[in-house]
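Here are the chains, one letter per residue:
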Amino acid sequence: MNELKQQQAALISERETLENNLPHLEAAWRNAPSNYSPIGNMIGSPEKSVAMDQFSSAECRLRAIPHELGRIEQKLAYLERMKRVGEIKTKSIQSMSEAATEVEALERTRAHLSERLQAIQSEAEQSLEKAQQAERDAASLYARSLASGDSEGEKAANSEIQKAAKQLATTDEQVRRQELILTALQAELDTIETQILNAQQRGDEAKKAALNAIGFALDEEWNAATKQLVEVGARILAVSYQK
């Protein structure tokens, strides 16, 4: 690529020099001395022929330079595209790897939090059910004591009701705190779910960019190969016409 850029700079410099010199060469040609024929007609002179050749050569060269610059610019554009394709492919593959790693880590975190949420939820439900059942059992015992006229049993059952009520109140408070934790855990899980979706989307976009870059590179190679085959075919055809 550097060599092509040097060639491009040299051609641009040559074009500028020719553009500056061309008026002087034309003036030198037009002002060169002329000879005359015996009957008085103006004819050329060696000086005028040399000046005309120099002017014509410079003019032809000036017309040829844009074509050469165009070919160099095409090659440079092709190399730049291939360079960008390589950079895009490398960057996309790296982004895919980073996104996959991020998704894997987030999914591990999500699994851990989901497991913990389910455990806390189950523990809260079991604790509440146990406390409520204890209160129901104490109430049933109290009712049976009343029905049987067992005063001692009634006192014992009443004591159990009070203990069960205190335990239920304590459990309710514990469940309330656990529900706050569960709400916070669910919010964190929702955030992680969004992060996973975003990382997956970045991975998909990076994969698409990598495939597009690879496809573009293959297209460029195909076009170059096709152009080369066309040129070879043209040369073969030209040789066949000469036979």
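Worth saying up front: this structure is predicted, and the values here are computed from it rather than measured.

Caption draft 1: Inspection of the side chain of S145 at higher detail. Inspection of the secondary structure puts S145 in helix 2 (residues 46–148). S145 sits in the buried class, given a relative accessible area of 5%. Aside from chain neighbours lying at most four places away, what touches S145 is D150, G153, E154 and A157.

Caption draft 2: Broad picture of the layout of surface pockets. Space inside the largest pocket adds up to approximately 370 Å³. Secondary structure elements with two or more residues in the lining of the largest pocket: helix 2 and helix 3 (151–242). Here the residues of the lining of the largest pocket sort into two nonpolar, three polar and five charged.

Caption draft 3: Summary view of helix 2. When the terminal C-alpha atoms of helix 2 are compared, their 150 Å separation across 103 residues agrees well with the 153 Å that a helix rising 1.5 Å per residue should span. Where helix 2 bends most, the angle comes to about 25°, and this point is A64, followed within four residues by the proline P66. Just downstream of helix 2 lies G149, where phi reads positive at about 70°.

Caption draft 4: Structural detail: the nonpolar core. Counting 13 residues, the largest nonpolar core has L11, L18, L22, I65 and I72 as the members making the most contacts within it. Elements that contribute at least two residues to this core include exactly helix 1 (2–31) and helix 2. Broken down by element, the residue count for this core peaks at eight residues, all from helix 2.

Basis of the calculations
- Residues numbered from 1 in each chain as written.
- Predicted model: local features only at pLDDT ≥ 70, side-chain atom pairs only at ≥ 80, totals over all residues.
- Heavy atoms only, no water.
- Helix = DSSP H or I, 4+ residues; strand = E, 2+ residues; numbered from the N terminus.
- Buried < 20%, exposed > 50% of the residue type's maximum accessible area, 1.4 Å probe, protein only.
- Contact = heavy atoms within 4.5 Å.
- 1 Å grid on protein atoms, 1.4 Å probe; cavity = no way out; pocket = protein on both sides within 12 Å on 5 of 7 lines; lining within 4 Å.
- Points joined across faces, edges and corners; volume = space filled by probe spheres on them.
- Nonpolar A, V, L, I, M, F, W, Y, C, P; charged D, E, K, R; others polar.
- Expected span 1.5 Å × (residues − 1).
- Bend = angle between axes of the 7 residues up to and from the residue.
- Core = buried A, V, L, I, M, F, W, Y, C linked by side-chain atoms within 4.5 Å.

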